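Below are the chains, spelled out letter by letter.
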Amino acid sequence: MMVNKKPDYEQGPETETFNFQRRLPLLAALIASTFLTAGCLSSGSSDDTIADPVDDPVDDPVVESSFKVDFMAGAPTVTWGEVETITAFRPAQASYEYLADSDTHTGAGAFAGFGSCGDCHDTNANNPSQVGAERDEEELTPSKETVPITVQAAYDADNFYLKASWETERPGITHDIWRYDGAAWNKVSVYNEPGNEPDEAAGERFSAEDRFAAMFMPASQDVSVGASFHEAGCFATCHEDMDDMPEWPVDEPATAKYLLSGTSANGTYDTSSESNADVLAGTTASFPDMWHFRGARSAIINTVTDGYVMDSRANDDGSNFYATQDPDEVTGELEWMYDPAWMADFIAEHAPDYEGETNVSAISDDLWEALEQNAPTLVLEGPNANAVAFDAAEVNEGDIIPRRILTPQDNSRTDVNAYSAWEDGTWTVIFERARDTGNPDDHVLNPGAESYSFAFAAHQENTVHRWHHVTFPVTLGMEGSGADIEAKLN
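Residues numbered from 1 in each chain as written. Predicted model: local features only at pLDDT ≥ 70, side-chain atom pairs only at ≥ 80, totals over all residues. Heavy atoms only, no water.

Visitor: I'm lost on the pairing of strand β5 (residues 146-155) in this one. Help?
Guide: Within a regular beta strand, the side chains point alternately toward one face of the sheet and then the other, so they alternate between its two faces. Of all the 10 residues making up β5, nine are buried; the element is thus mostly covered by neighbouring parts of the structure. Note: strand β4 (residues 84-89) against β5, six bridges, orientation antiparallel. The residue bridging Phe89 from the neighbouring strand is Thr146, located in β5. As paired strands, β5 and strand β6 (residues 159-167) are joined by seven bridges and run antiparallel to one another. Paired with Ala154 across the bridge in β6 is Tyr161. Here β5 hands over to β6 after three residues, the two strands then running antiparallel side by side. (Buried < 20%, exposed > 50% of the residue type's maximum accessible area, 1.4 Å probe, protein only. Helix = DSSP H or I, 4+ residues; strand = E, 2+ residues; numbered from the N terminus. Pairing = 2+ DSSP bridges.)

Visitor: Sorry, what's going on with the sheet that holds strand β7 (residues 177-180) here?
Guide: Adjacent strands of a sheet form backbone hydrogen bonds with each other and so pair up, either parallel or antiparallel. Strands sit in the order β8-β7-β19 across an open sheet of three strands; the sheet is antiparallel. Looking at strand neighbours, the two that pair on one side only are β8 (185-187) and β19 (400-402), the edges of this open sheet. On average, adjacent strands in this sheet sit at an angle of 30 degrees to one another, irrespective of strand direction. Bridge count for β7 against β8 is three bridges, and the pairing is antiparallel. Paired with Tyr180 across the strands is Trp185, a residue of β8. (Axes fitted to C-alpha atoms, helices over the stretch in contact; angles between N-to-C directions.)

Visitor: Would you mind going over the confidence of the model for the chain with me for this structure?
Guide: In low-pLDDT regions, the fine details of the predicted coordinates are not to be read closely. Confidence along the chain averages 80 in pLDDT terms, with 77% of residues attaining 70 or more. Note that residues 124-128 has pLDDT below 50 and, in this model, 17 contacts with residues that lie over four places away or in other chains. Segment residues 262-269: pLDDT under 50, and 19 contacts once partners within four positions in sequence are set aside and those in other chains are kept. (pLDDT = per-residue confidence, 0-100. Contact = heavy atoms within 4.5 Å.)

Encoded structure:
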C-alpha cells in the first residue's frame, strides 16, 4: 500500500496570504454539546450518531499503478499561509427546506434560533456532519462519509489564488466515452448513482469526471431563501424539487440550483425581482459566485467554468469551451481522434509503467486500465491540442474515444485559471483569477477590505448530480480578524 502524499509545489515570495475562518462563534461549544449528540443533521432517529473521522478508520487509497495527472504547467509561484482543513460530508437529500424541518432535522430549532449551521456543526474535523435525511438510499453514494478538504489562499496586487486538495482513490479525467464494437460506436458511459451498474457484456464502464466547486460571496452581500448563504452555504441554493431530491417531479424537466422564482417550474421561493439578467446587467451584486473545476472539461486546458447562482445555476457571459462529438448519421464515423505522437508523450509522462503500444489514436482496454480508467479529453486548440481528423483505418474493436471535445475560449466564463495534479490518491487544484475582472458576473476579491464566505463541494467515484461531498461555509479573513490562518505580507 502506498502512502498518501500531497504534491509539494514550488512556493515563492511574491504574494500575501490571508485566512479562512471557521464560522463557529464562542457559543457554539455549548450548542454543540446539546445538539451534536442528538445527530443535528440526521433523520431524527435516536440511533443516529455523528462520527469523528479520527476514530472512524478509512483505508488509505491503494494506488496499483504509476499513473498520475499533471496539468500544473504554468502554475503561479505562490507563498501560501497555513493549511485549513475542512470536513466535507455527504448531504444526502438534505435541502434548505430540510434545515428548518423539525420532523427530520433535530437541529431545526437551533437553526431557526441562531441562524447558522456553524452554530451546531464545526466545519473542521472535530464534529463533522453525517446526514441521513429521509427517503435516502440504503447504500449512500459516495462510499466515504467524510472527505477532508485542505484550502489555502493568497493574493497580490493583481490576482487572487486559492489552492484546494482532497483525497480520492483514482482521478476522473474522462466524462462520456464512445466504444467501438466492431461495427458501430456506442456511448457506454455509466455514472455512479444508486442502482446503476455497468453492463460489462455491452462494454459499459463507469465514466464521470471528478469535480470541485467553490461558491462564495462578500460579507456585505447576501441571498436568502429561508437560509442565508453566509449561514448555510450551498444549502441556500439546494431545494426539494432539484434532480434526485425528495420532491423532484421525475416526469418534468430537471431543475437546477436556484435562489429566485425565475420560472413557474421552480416553485414558490424568493419573490425578489432580481434574476440572472440582473447579474449580467450589473444591476445586482447579491449572488453567489461559483467556480466549477472539472477533471475532464477543465484540467487539460487549465480553466474552469466560471458561473453564479440566481434563478438558476448559470454560466458567466461568453461562449462555452466544451462540446460533444457524435457518430455521423450517414457514415457512422466520429469526427476526431487522438494525435498518436501526443498520446505517446502523454503515456510516457503519466503512465510510465505501461508496456503496450503508445503511438495510438484511440484507447484500448489495456491502456484504459493503465490510465486508471481514463481517456484524456480531446482538445482542438492550445498548448495541449491533441485531436486529429478521424481515420477509421486506425480503429480496432473495443477502442475508446472521448465524446467530449474542448476548444479554449477567452471570456468571462473562462477568466479563472486552474492548474491541477493528482498523484498517490490526492487531487490538488490551484485557482488563479484577477481580483477585479471588470465583469458584472464576477465578485471583486479584495480581502484587505472585505471578508468572504466560501463553501466547497467535491465529486469523486464517478458520481454526478447530488452524490458528492459538501462543506458548511467558512470565512476568508485577514490578520487580526480571528481567522485560523494568519495573513502575512511577503
